[in-house]
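This is what each chain is made of:
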Amino acid sequence: MKKQKESYTTEEFASLLYERYRTDAERFFYPYKRTGVSAETLPCILFLGNHSSGKSTLINFLLGGLAVQDTGVAPTDDGFTVLVYGDVPREVVGDSALALLPPEYARLKTFGTTFLQHLRVKVTKCDILKQCILIDSPGMIDVRDREIIRDYNFFGAIHSLAELSDLIVMMFDPDKPGTTGESIEVLTGPLSGMTFKLRLLMNKCDLFANMYDYARAYGALCWNLAHALPIKDLPKIYNCCVPCGNSKAEPDIDIKDFQQSLQDIVGQISHASERRKDNVLAAANNDFSALGMQMRMGLRLRKFLSNNFLSKLGLYLLLLLLLAGSGFILFNTYGVSVRDLSSTMKIVIFSLQCLATVGITVVIARLLYPAFRAYVNYSEHQILEKLDEHFDQEYADELLTLSRDDLRQCWETLKPNFRHVLTSHWRQLPRFAKRKIEALAQDVAELNDSARTPTRLC
Ligand SMILES: Nc1nc2c(ncn2[C@@H]2O[C@H](COP(=O)(O)OP(=O)(O)O)[C@@H](O)[C@H]2O)c(=O)[nH]1
Ligand SMILES: [Mg+2]
């Protein structure tokens with residue numbers, strides 16, 4: 001029996017819309033940022049940071065002190081480990097690891113086999129994993145030529161995992177407070193636009209000799225982050241220390257506040273399920289507004305480019321017609337005189353004239369064709385150069401009433417892919433989709449309404 005719309009959870013509703021508009025997304029060459037949403041998927045927390053900043057130690061702490069992840073000062077892990085709940089503990093790598101994960105993770109396959117060899121799933125019987133999925137990552141390093149160390153698209157993989165995650169914990173330690181090249185690059189590259197789910201954490205605070213030592217490391221971290229995060233105010237930095245074999249029995253400074261900070265982070269992690277709803281909603285809103293925009297702009301530009309092509313084709317054919325016409329008249333005027341010839345000969349000569357005219361026109365058409373193509377390409381290029389103008393015209397009404405920064409931002413992110421689609425596939429873009437665009441807008445409004453209604457679960 002079909003469920004009533006009101007009884008869908010946000011995740012179920014979003015999942016339904018992802019499926020409903022999948023064909024339209026394909027027809028308009030819009031790649032969903034999220035391959036979809038599976039309502040049963042647990043929230044996911046991604047741990048990033050320098051090597052030896054304490055990612056695995058924190059994960060083990062969350063798992064109740066079990067030594068699930070290897071820890072140590074030397075780099076111990078060169079891959080991503082996804083920790084999921086299961087009664088029978090086991091460890092799987094590569095394609096079979098991907099098969100154990102929810103369908104949303106399927107897009108990781110696009111990073112190739114080398115990446116998959118660095119993907120491990122650990123099934124562990126641990127209560128916290130009933131509520132969330134934890135992802136440990138390889139430590140960030142400081143090398144000029146990263147390709148020597150990483151033989152797969154490391155930043156691309158981080159970006160995809162970060163998009164799937166509901167909380168990203170980025171860890172630093174007093175040894176390298178934000179100075180590791182990759183950590184900074186990750187913040188400015190794959191994690192840009194995701195600051196809302198990013199939590200910064202300076203770990204190992206129990207190792208400071210005194211408050212002056214702590215202030216220097218904290219200051220250095222803030223200084224480095226200020227260069228990496230394009231925002232006015234620094235986000236909160238959690239200063240923590242995780243109980244482990246390396247913890248000092250009697251730290252030189254008071255660690256009470258650091259322990260409290262750790263509890264705050266643990267609290268954030270245990271509330272990740274609420275975050276998942278928000279993230280799914282945010283991702284769905286992003287994806288569907290971008291899809292709606294690609295459909296609207298696609299229809300507009302498809303029409304514009306085909307009108308442009310047809311007008312150029314019309315000109316080309318008119319030119320050929322004129323040439324053929326003048327050729328025929330010239331033949332008739334200056335060609336063989338038919339006045340004294342028999343009617344059969346007249347027909348033969350007339351046919352020959354026609355044939356000659358057609359032949360010459362075909363030759364001229366062949367010769368002129370490259371010029372016609374160049375002209376069409378040039379004018380298509382001119383149109384593509386003015387994409388912003390088309391956007392302003394298409395969204396004139398919306399932009400008139402409010403400044404609508406959201407529309408402009410969405411357009412800026414969409415533009416590179418959209419330009420590519422227009423250059424290579426504009427003829428394949430659909431001609432009609434107005435109803436679909438309206439239906440999509442209505443569905444997205446309903447999705448947002450349903451998320452606002454706290455008692456929609458039946
Ligand atoms: N003193 C102290 N040592 C820590 C803390 N967190 C981690 N460590 C130690 O730092 C080393 C590196 O930790 P690990 O979790 O392997 O770092 P990862 O490379 O980020 O996964 C290990 O020897 C841990 O015992 C902490 O808060 N305080
Ligand atoms: Mg580790």
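These numbers were taken from a predicted model, which means no experiment stands behind them. (Residues numbered from 1 in each chain as written. Chains lettered and ligands numbered in written order. Predicted model: local features only at pLDDT ≥ 70, side-chain atom pairs only at ≥ 80, totals over all residues. Heavy atoms only, no water.)

Visitor: Which residues make up the overall build of the chain, and what values do they have?
Guide: Of the regular secondary structure elements, the chain holds 16 helices and eight strands. Against the globule reference of 23 Å for 458 residues, the chain gives a C-alpha radius of gyration of 32 Å, more extended than a compact globule. Seen through its C-alpha atoms, the chain measures out along the principal axes to roughly 125 × 55 × 50 Å. Counting across all 458 residues of the chain, residues that qualify as buried make up 46%. A sequence separation of at least 24 residues applies to 79% of the contacts in the chain between residues at least 6 apart. Looking at the chain as shown, the accessible area adds up to about 24300 Å², and 58% of this sits on carbon and sulfur atoms. Mean positive and mean negative side-chain charge positions of the chain (52 and 53 charges, respectively) differ by 9 Å. (Helix = DSSP H or I, 4+ residues; strand = E, 2+ residues; numbered from the N terminus. Rg over C-alpha atoms; globule rule 2.2 N^0.38 Å. Buried < 20%, exposed > 50% of the residue type's maximum accessible area, 1.4 Å probe, protein only. Contact = heavy atoms within 4.5 Å. Areas by Shrake-Rupley, 256 points an atom, 1.4 Å probe, with all protein chains shown as cover. Lys, Arg positive; Asp, Glu negative; His and termini not counted. Charge placed at Lys NZ, Arg CZ, Asp CG, Glu CD.)

Visitor: Pulling in residues and values, what's your account of helix α8 (residues 181-188)?
Guide: It helps to recall that an α-helix has 3.6 residues per turn; residues three or four apart then point in one direction. Every buried residue of α8 is accounted for by Glu 182, Ser 183, Val 186 and Leu 187. The arc enclosing the buried residues of α8, seen along the axis, measures out at 140°, which places them on a common side. (Arc of directions from axis to C-beta.)

Visitor: Mind laying out the sheet that holds strand β3 (residues 90-93), listing which residues take part and the relevant values?
Guide: The eight strands are arranged β3-β4-β2-β5-β1-β6-β7-β8 in an open sheet whose pairing can be described as mixed. On the outer flanks of this sheet lie β3 and β8 (237-239), each paired with one strand and no other. Direction aside, the axes of adjacent strands within the sheet are offset by 20° on average. Across three bridges, strand β2 (residues 80-85) lies against strand β5 (residues 133-136) in antiparallel orientation. Note that in β5 the partner of Thr 81 across the bridge is Asp 136. Along the sheet, helix α7 (residues 154-164) contacts β1 (44-49), β2, β5 and β6 (167-172); its crossing angle with β1, the most-contacted strand, is approximately 145°. (Pairing = 2+ DSSP bridges. Axes fitted to C-alpha atoms, helices over the stretch in contact; angles between N-to-C directions.)

Visitor: Now, about the state of the cysteines: what can you tell me, with residues and values included?
Guide: Linking two cysteines covalently through their sulfur atoms gives a disulfide. Within this structure, the stated rule accounts for zero disulfides. With no disulfide partner, Cys 132 has as its closest neighbouring cysteine sulfur the one in Cys 44, 8.4 Å distant. Overall, the relative accessible area of 2% leaves Cys 132 in the buried class. (Disulfide = S-S within 2.5 Å.)

Visitor: Talk me through the site of ligand 1; I want residue IDs and the actual numbers.
Guide: Of all residues adjacent to ligand 1, which total 20 residues, the nearest are Ser 52, Lys 55, Ser 56, Thr 57 and Val 242. Residue Gly 54 places a main-chain N or O atom 3.0 Å away from an oxygen atom belonging to ligand 1. Considering ligand 1 on its own, with 580 Å² of exposed area, one finds that the protein chains cover 95% of that surface. Taken together, the residues that form the shell around ligand 1 break down as five nonpolar, twelve polar and three charged. (Near = heavy atom within 4 Å. Polar contact = N/O pair within 3.5 Å; in protein donor to acceptor, adjacent residues only side chain to side chain. Nonpolar A, V, L, I, M, F, W, Y, C, P; charged D, E, K, R; others polar.)

Visitor: Outline the pairing of β5, supporting the account with residue identities and numerical values.
Guide: Alternating residues of β5 divide into Ile 133 and Ile 135 and Leu 134 and Asp 136, and every residue in both groups is buried. For β1 and β5, the ladder comprises three bridges, and the chain directions are parallel. Paired with Leu 46 across the strands is Ile 135, a residue of β5.

Visitor: Go over the packing of helix α13 (residues 387-394) against helix α15 (residues 405-425) with me, naming the residues and quoting the values.
Guide: In helix packing, the relevant descriptors are the interaxial angle and the interaxial distance, both defined with respect to the helix axes. Contact pair α13 / α15: the axes reach a minimum separation of 11 Å and the direction vectors enclose 125°. Here α15 runs oblique to α13, going by the angle between their axes. For the crossing formed where α13 meets α15, the hand is right-handed. Facing α13, whose interface residues are Leu 387, Asp 388, Phe 391 and Asp 392, α15 presents Leu 407, Arg 408, Trp 411, Glu 412, Lys 415, Phe 418, Arg 419 and Leu 422. (Parallel < 35°, antiparallel > 145°, perpendicular 65-115°, else oblique. Left-handed = near helix turned anticlockwise from the far one by under 90°.)

Visitor: With reference to specific residues and values, describe the packing of aromatic side chains.
Guide: This structure, assessed with the given rule, holds 21 aromatic pairs. An aromatic cluster is built from Phe 80, Phe 111, Phe 115, Tyr 152, Phe 154 and Phe 155, whose rings are joined through pairwise contacts. Geometry around Tyr 375 places Lys 312 over its ring, the cationic atom sitting 5.2 Å from the centre. The lysine or arginine in question, Arg 427, covers the ring of Phe 309, its NZ or CZ lying 5.0 Å from the ring centre. (Phe/Tyr/Trp six-rings, centres within 6.5 Å; stacked < 30°, edge-to-face > 60°. Lys NZ or Arg CZ within 6 Å of the ring centre and 35° of its normal.)

Visitor: Go over unusual backbone geometry, please, and point to the residues and values.
Guide: Positive phi values are uncommon outside glycine, yet Phe 29 reaches one of about 55°. Tracing the backbone through its elements, the reader meets Phe 29 in the loop between α2 (22-27) and β1. By relative accessible area, which is 27% here, Phe 29 ends up partly exposed.

Visitor: Which residues make up a nonpolar patch on the surface, and what values do they have?
Guide: On the surface, a nonpolar cluster with roughly 440 Å² of combined accessible area is contributed by Leu 341, Met 345, Val 348, Leu 352 and Leu 355. Within the secondary structure, Leu 341 sits in the loop between α11 (272-334) and α12 (343-385). Under the relative-accessibility criterion, Leu 341 is labelled partly exposed at 31%. (Patch = residues over 30% accessible without salt bridge, like charges linked within 9 Å, V, L, I, M, F, W, Y side chains within 5 Å. Salt bridge = Lys/Arg side-chain N within 4 Å of Asp/Glu carboxyl O.)

Visitor: Tell me about the nonpolar core, and name the residues and values.
Guide: If you look at the biggest cluster of nonpolar residues, it comprises 53 residues, and the most contacted ones within it are Leu 48, Phe 80, Phe 115, Ile 135, Met 170, Leu 187 and Leu 191. Not counting chain neighbours up to four residues away, the residues in contact with Ile 135 comprise Cys 44, Ile 45, Leu 46, Phe 47, Ile 59, Phe 80, Thr 81, Val 82, Tyr 105 and Leu 161. Tyr 30, Leu 299, Leu 407 and Ile 437 belong to the second-largest nonpolar core, a separate cluster that totals 51 residues. (Core = buried A, V, L, I, M, F, W, Y, C linked by side-chain atoms within 4.5 Å.)

Visitor: Describe helix α1 (residues 10-20), listing the residues and the values that go with them.
Guide: What α1 keeps buried is the set Thr 10, Glu 11, Phe 13, Ala 14, Ser 15, Leu 17 and Tyr 18. As for α1, its buried residues are in contact with α2, α11 and α16 (434-452).

Visitor: Could you give me a rundown of the pattern of salt bridges, with the residues and numbers involved?
Guide: Across all of its chains, the model carries 16 salt bridges by this definition. Of the charged contacts in the structure, one is a salt bridge between Asp 24 and Arg 27, with a shortest N-O distance of 3.2 Å. Of this pair, Asp 24 and Arg 27 are both found in helix α2, three residues apart, which corresponds to roughly one turn of the helix. Note on Asp 24: relative accessible area 3%, which makes it buried. Of the charged contacts, one joins Lys 415 and Asp 388 as a salt bridge, the two residues approaching to 3.0 Å between their closest N and O atoms. Of this pair, Lys 415 sits in helix α15 while Asp 388 sits in helix α13, and the two are 27 residues apart along the sequence. Its relative accessible area of 36% is what places Asp 388 among the partly exposed residues. Connected through shared salt-bridge partners, Arg 296, Arg 300, Glu 394 and Glu 398 make up one network.

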